[in-house]
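# Breakdown of the fold
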Amino acid sequence: MNGLAWQAEYCSGVEVIDQEHQQLLQLLQQLYEAIAQGKAFTHVEPLLLGCAAETQRHFQHEETLMADANHPQYLSHRAAHQNLLRDLNRLLDAVQSQPSTLSTTTVATIGQLVIQHICEEDLPMLYLLTHPEELARQQAEQLTAETCF
Ligand SMILES: [Fe+2]
């Protein structure tokens, strides 16, 4: 068990995003297995870069959905993505300059960060996209707050 398996509790109800989350975890699984099988870095590196590219593309997609919906958590969620990408890029740089540092533990740690983001930040954010009345209420609240200050 490496903690990277998809769980029903990660479902948000926004199907396209749930599919992307599932795919991201599958890519991390493939990366994890390639490292566990002792595959050469020339084989592992494209998987690693694929995970990084897919994460970036997926974050962009979420941010577009949020912008289109005038989502009240847009700025804070985008900041969370930027923080996560900064950490992942640091890790990527370290691994590329010293491939021997890439281990299954590293991938499991990345997976935990991704899963934590899904559970703690994506699910509340996506909830509003599937609950228009609550979204409208929070948008109105935000507008009132902006008018007051
Ligand atoms: Fe997100």
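Here, every reference points to the structure presented above.
The sections below set out a description of the structure shown in this document. (Residues numbered from 1 in each chain as written. Predicted model: local features only at pLDDT ≥ 70, side-chain atom pairs only at ≥ 80, totals over all residues. Heavy atoms only, no water.)

### Let's talk about the coordination of the iron ion
Formally: Only nitrogen, oxygen and sulfur atoms within 2.8 Å of the metal, or 3.2 Å for Na, K and Ca, are treated as donors, and water is left out, so sites may look incomplete. Put simply, DSSP marks the helices as runs of H or I at least four residues long and the strands as runs of E at least two long, and each gets a number from the N terminus on. Exposure is judged per residue with a 1.4 Å probe applied to protein chains only, and the accessible area is read against the type maximum: over 50% gives exposed, under 20% gives buried, and values in between give partly exposed.
Surrounding the iron ion are the protein donor atoms Glu-62 (OE), His-77 (NE2), His-81 (NE2), His-117 (NE2) and Asp-122 (OD), at 2.0 to 2.3 Å. Within one chain, the residues donating to the iron ion are spaced in sequence as E-x14-H-x3-H-x35-H-x4-D. Of this pair, His-81 sits in helix H3 (residues 74-97) while Asp-122 sits in helix H4 (residues 104-130); the two residues are 41 residues apart in sequence, bridging distant segments of the chain. Under the relative-accessibility criterion, His-81 is labelled buried at 0%.

### Points about empty space enclosed by the protein
It is a probe the size of a water molecule, rolled over the atoms, that shows where empty space is left. Rules: Cavities and pockets are defined on a 1 Å grid built over the protein atoms alone: a cavity is a set of grid points where a 1.4 Å probe fits but cannot escape, while a pocket is an open set with protein on both sides within 12 Å along at least five of seven lines, and lining residues are those with an atom within 4 Å of any such point. Grid points are joined across faces, edges and corners, and a volume is the space filled by probe spheres set on the points. When residues are grouped by polarity, Ala, Val, Leu, Ile, Met, Phe, Trp, Tyr, Cys and Pro land in nonpolar, Asp, Glu, Lys and Arg in charged, and all others, Gly among them, in polar.
Counting across every chain of the model gives two cavities of 30 Å³ or more. A volume near 160 Å³ is recorded for the largest cavity. Around the largest cavity sit 14 residues that line it, and Leu-48, Cys-51, Ala-52, Leu-88 and Ile-110 are the ones nearest its centre. Of all the secondary-structure elements, those providing two or more residues to the lining of the largest cavity are helix H1 (15-36), helix H2 (41-68), H3 and H4. Per-class residue counts for the lining of the largest cavity are 13 nonpolar, one polar and no charged. Empty space within the second largest cavity amounts to approximately 50 Å³. Taken together, His-21, Leu-24, Thr-55, His-58, Phe-59, Leu-84, Val-114, His-117, Ile-118 and Asp-122 form the lining of the second largest cavity.

### Re the pattern of salt bridges
Applicable threshold: Each reported salt bridge corresponds to a side-chain nitrogen of Lys or Arg within 4 Å of a carboxyl oxygen of Asp or Glu.
Counted under the stated rule, the structure contains four salt bridges. Arg-137 is the salt-bridge partner of Glu-134, the closest N and O atoms lying 2.8 Å from each other. Remark: Arg-137 and Glu-134 occur in helix H5 (residues 132-148); sequence separation between them is three residues, near one turn of the helix. For Glu-134, a relative accessible area of 23% corresponds to the partly exposed category. A relative accessible area of 43% means that Arg-137 is categorised as partly exposed. Here the salt bridges share partners, and the residues they tie into one network are Glu-134, Arg-137 and Glu-141.

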